[in-house]
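Residues per chain are reported as follows:
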Amino acid sequence: MNYLQLALEESFFSIGVSRPNPAVGAVVVKDGIVVGRGRTQRPGNAHAEVMALRDAGELARGAAIYVTLEPCCHYGRTPPCTKAIIDAGITEVYFAHADPNPVVRGKSRQILEDAGIVVYEGEDACVRACYNDGQENDLHPSPNASCECGVFGYGSASGNAVGRPGSASEEFKAEGRFVYMQISRFFEAYDYFVCNKQTFVEIKIAVSEDGFMGCVATSGSHLPLKITGQGANCWNHELRAMSDAVLIGAGTLLADNPRLDVRYVQGNNPVKIVWAGHHEFTLDEVRSLAVFASCNVSCGEGAPVSTPIVFSCVAQPQLDGIAEVVELPHASFAENWCVMLANLSERGMHRLMVEPGECLAREILSAGTDLKMSLWNRLDLWRSTDPSVEASLERLIDCGEAKCGLEFPGLPSCAVAKESVMIGPDVLTVYYSGEQ
């Protein structure tokens, strides 16, 4: 196990709470025992380090603190965390990720070291954060042993490529690098938000082996098609848990009627966003759709109640009092998408997860060409190797329920593949836009 992994798990419950501040987790450890835990609270309230120090109380004196992000060192709405750490008598600080904010980056370490505190950062901190309670192999599994439904399904899958090291020392290094990778992934959107003042867009798409995303009913409406297995589905919920908001189009909403919540992992539910386009929701649709029915349900522990947001090119009279409707002023998809991103950025949202159907996927992946810019940052493309998916589609066509499949529109020329892993029968390939 790893103390910074525990801190990362704490940080998940700050997503949607700390916004626009980063979601940070911290643990205080003394004599090998976790004596304090904390996560960043709502803006103007305590940061993760302060919460963990409060939880530890007098036990913090002479202890170590493990923090996912570099502690702040400046006065804002709260005093600097570096001061709280020094005043508490902490002797060692381990932080996994450097803050991209120039007000903080590098300055915190110097302040702490000047106060006589030993500081470790980055991958070095993550490796040193490993512990095993004296039972190296039984209580300190390699990344191979990670569950597909852990904090990051993607991270767990990536661990399979590491393999089980031959010694405890090498095992610690492998697990430390693994945790460092997870935390870097976690703060990817925050880094982008700080540097670009814009929400990071991550798209998740699943296609069958022959490239189908769904199917078309004989009536012309879209039908859902179960494509990925449970491992990929757990990964999907993990991505939701680390996202400020999750967006789907009106077509997917009507076809699948999803809840868009987090069920397979621990974490707060993201804000639900619907891209309505030119579809005006009827009263019967509003009454039957789970996204609107759940608008009064809490997002999770500590998170504020979230009202769905609908971005629409037309008026939505049936959504009065049920959802927040933002009308889009432009004729082109790309310009309206940019309006939406500006709106979400103003709200302080770091990561937007998009689960598009075929039509919305086509628009997002191609529409940015006119503006000579990309409308997305990261694409997580799942491709199933399970032949039963194609068989299900054929059965729907044979029995007259469907007339054809909906094909994945294809990768844009700017897509750059970075890595690929396999979970069960499903292959995940990660692409980044080369036009960021």
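Just so we're clear, the structure is a prediction, and the values are computed from it rather than from any experiment. (Residues numbered from 1 in each chain as written. Predicted model: local features only at pLDDT ≥ 70, side-chain atom pairs only at ≥ 80, totals over all residues. Heavy atoms only, no water.)

1. Examining the confidence of the model for the chain
Keep in mind that low pLDDT regions are not for reading the predicted coordinates in detail. Filter applied, for reference: Confidence per residue, as judged by the predictor, is encoded in pLDDT with a range of 0 to 100. Residues are treated as being in contact if the distance between any of their heavy atoms lies within 4.5 Å.
When the pLDDT values of the chain are averaged, the result is 86; 87% of them are 70 or greater. Segment residues 133-167: pLDDT under 50, and 83 contacts once partners within four positions in sequence are set aside and those in other chains are kept. Low confidence marks residues 296-302, where pLDDT is under 50. Its contacts with residues over four positions away, or in another chain, come to 15 contacts.

2. Focus: the sheet that holds strand β17 (residues 426-433)
This is how the line gets drawn: Here, strands pair whenever DSSP counts at least two bridges between them. Think of it this way: any DSSP run of H or I at least four residues long counts as a helix, any run of E at least two long counts as a strand, and we number them from the N terminus. Axes here refer to lines fitted to C-alpha atoms; in helices the fit is confined to the stretch in contact. Angles between the N-to-C directions go from 0 to 180 degrees.
Here we have nine strands laid out as an open sheet, ordered β12-β11-β10-β9-β13-β6-β14-β17-β16, and mixed in their pairing. Looking at strand neighbours, the two that pair on one side only are β12 (324-327) and β16 (415-423), the edges of this open sheet. Within this sheet the neighbouring strands show an average axis-to-axis angle of 20°, counted without direction. Across four bridges, the pairing between strand β6 (residues 200-207) and strand β13 (residues 351-354) is parallel. Following the sheet pairing, F200 is matched in β13 by R351. Contacts from helix α14 (residues 358-367) reach β6, β9 (245-249), β10 (271-277) and β13 within the one sheet, and its direction differs from that of β6 by about 135°.

3. Examining the pattern of salt bridges
Filter applied, for reference: In the sections that follow, a salt bridge refers to a side-chain nitrogen of Lys or Arg positioned within 4 Å of a carboxyl oxygen of Asp or Glu. Type-normalised accessible area, obtained with a 1.4 Å probe on protein chains alone, sets the label of each residue: buried when under 20%, exposed when over 50%, and partly exposed for intermediate values.
Under the defined criterion, the tally for this structure stands at 20 salt bridges. Across the pair E202 and R378 runs a salt bridge, and its minimum N-O distance is 3.0 Å. On the criterion of sequence distance, the pair formed by E202 in strand β6 and R378 in strand β14 (residues 378-384) is long-range, its members being 176 residues apart. Side by side, E202 and R378 carry an identical accessibility label, which is buried. Here E358 and R362 are joined by a salt bridge, their closest N and O atoms 2.4 Å apart.

4. Describing the pairing of β9
Here is the rule: Note on handedness: a crossover is taken as right-handed if, strands pointing away from the viewer, the path from the first strand over the helix to the second is clockwise.
The buried fraction of β9 amounts to five of the five residues, a majority that puts the element mostly inside the structure. Of the two faces of β9, the one lined by A245, L247 and G249 and the one lined by V246 and I248 are each fully buried. Strand direction decides the pairing type here: β9 and β10, joined by five bridges, are parallel. Across the sheet, residue A245 finds its bridge partner in β10, namely V271. One crossover worth recording links β9 to the parallel β10 by way of helix α10 (residues 250-256), and it is right-handed. The pairing of β9 with β13 spans three bridges and is classified as parallel. In the strand pairing of β13, V246 is matched with M353.

5. Details of the sheet that holds strand β8 (residues 222-223)
Strands pair in a sheet through their backbones, by hydrogen bonds, and they do so in one of two ways: parallel or antiparallel. The strand order β8-β7-β15 describes an open sheet built from three strands, whose pairing is antiparallel. Strands at the two margins of the open sheet, each flanked by one partner only, are β8 and β15 (402-407). Strand direction decides the pairing type here: strand β7 (residues 212-217) and β8, joined by two bridges, are antiparallel. Counted as the bridge partner of V216 is H222 from β8. α14 rests against β7, β8 and β15 of the sheet, and its axis sits at about 25° to β15. Taken strand by strand, helix α15 (residues 387-398) contacts β7 and β15, and its axis lies near 145° from that of β15.

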